[in-house]
Amino acid sequence: MNIVGIDIGGTNFRIGLVDECGNTKKLEKVKVGSVFYLNDPLDDLVRKIKDFTKDIEYQAISIGFPATMNLNRTKVIQAPNIAFMENLPVCEVLEEKLQVPVVTERDVTFALYYDVKKYSLPEEEIICGIYFGTGIGNAILINGKPLAGQHGCAGEIGHIPVFGSKEPCGCGNFGCIEAVAGGKALAKIQQEFYPDTLIEDMFSKHSDDLIVKNIVELMANTVATEVNILDPAYVLLGGGVFKMKDFPIELFEEFVQKKIRKPLPLSEMKLIYADDEKDKSVVGGALYTRRKLRM
């Protein structure tokens, strides 16, 4: 049975057809703004799905959102990097209009499900995924199940506050760590301080500059915070920032080692740098959906 997997990121929209073996049979990647441009984002989403699935048989849809969601994962609450995605009853509307089961989750949970399978990690553990892209995505699996929290909002490590920072964040708060670490912060620094440098060359040309080193240290702070709280068996690290040319991995790990509690969990810490496959959350969403629907 085929599943249509959708990954809505802060920048890109991916939609793919995944077969029962986890193979992507068809994949499309476009800018988010090319999908959502009318008055109703759910109507836009239905239109895009119908266009993609012309002459295609499928039995379910999985959608990953870069957002907080309600506890039973049927409604998008707030997406910090996509302002118009608030209070959207996704499953109710899409199931009525498309007449197939719709499973929704945070996009980062789908990415972590993919990576756990790819790297053959045991599910009877605490496993964390931290992905530095446009924002900072975070998912936590405990014995194979995503940690949702009391209201569905667990795992928002990108929104822990940084003392002294007044930087506005897309979530509406000020001083969140994702506003000063990772992709958005790097792009802002490039525009303000290095306008003649392409964003993809930032680490190649400026990794010795203090302002760039600060971003790397804040990324390490993010990881160390989660490790010190949860003491996970594995930490998956991914996202576009780690894959940028000449990203200073050694400097990042030096910062991480300075900030994680000693002797444990540091001496037993297992970091895995995950590949950034273009269909990761599309396939991960299909894996998650098959398990949830027992397909």
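Scroll up for the structure.
What you see is a predicted model, and the numbers here were worked out from it, not measured in a lab.

Conventions we followed
- Residues numbered from 1 in each chain as written.
- Predicted model: local features only at pLDDT ≥ 70, side-chain atom pairs only at ≥ 80, totals over all residues.
- Heavy atoms only, no water.
- Helix = DSSP H or I, 4+ residues; strand = E, 2+ residues; numbered from the N terminus.
- Expected span 1.5 Å × (residues − 1).
- Buried < 20%, exposed > 50% of the residue type's maximum accessible area, 1.4 Å probe, protein only.
- Phe/Tyr/Trp six-rings, centres within 6.5 Å; stacked < 30°, edge-to-face > 60°.
- Salt bridge = Lys/Arg side-chain N within 4 Å of Asp/Glu carboxyl O.

So, on to helix α9 (residues 280-293). Owing to its 3.6 residues per turn, the α-helix brings residues three or four apart onto one side. With 14 residues, α9 should cover 20 Å at 1.5 Å per step; its first-to-last C-alpha distance of 20 Å lies within 8% of that length. Taken across its 14 residues, α9 has 10 buried, putting it largely inside the fold. Where α9 terminates, the next one or two residues include R294, which has phi positive at roughly 55 degrees.

Moving on, we come to the packing of aromatic side chains. If you walk through the whole model with that rule in mind, you get 9 aromatic pairs. Judged by centre distance (5.1 Å) and plane angle (70 degrees), the ring pair of F242 and F247 falls under edge-to-face. Residue classification places F247 among the buried residues on the basis of a relative accessible area of 8%. Between the aromatic rings of F242 and F252, the centroid separation amounts to 5.2 Å while the plane-to-plane angle is 80 degrees, which identifies the pairing as edge-to-face.

The next subject is the pattern of salt bridges. A full pass over the atoms with the stated rule returns 17 salt bridges. D51 is the salt-bridge partner of K54, the closest N and O atoms lying 3.5 Å from each other. Here K243 and D275 are joined by a salt bridge, their closest N and O atoms 3.9 Å apart. Of this pair, K243 sits in the loop between β12 (234-238) and α8 (249-259) while D275 sits in the loop between β13 (271-273) and α9, and the two are 32 residues apart along the sequence. Judged by its relative accessible area of 35%, D275 falls in the partly exposed class. One connected set of salt bridges, linked through shared partners, spans K118, K243, D275 and E277.

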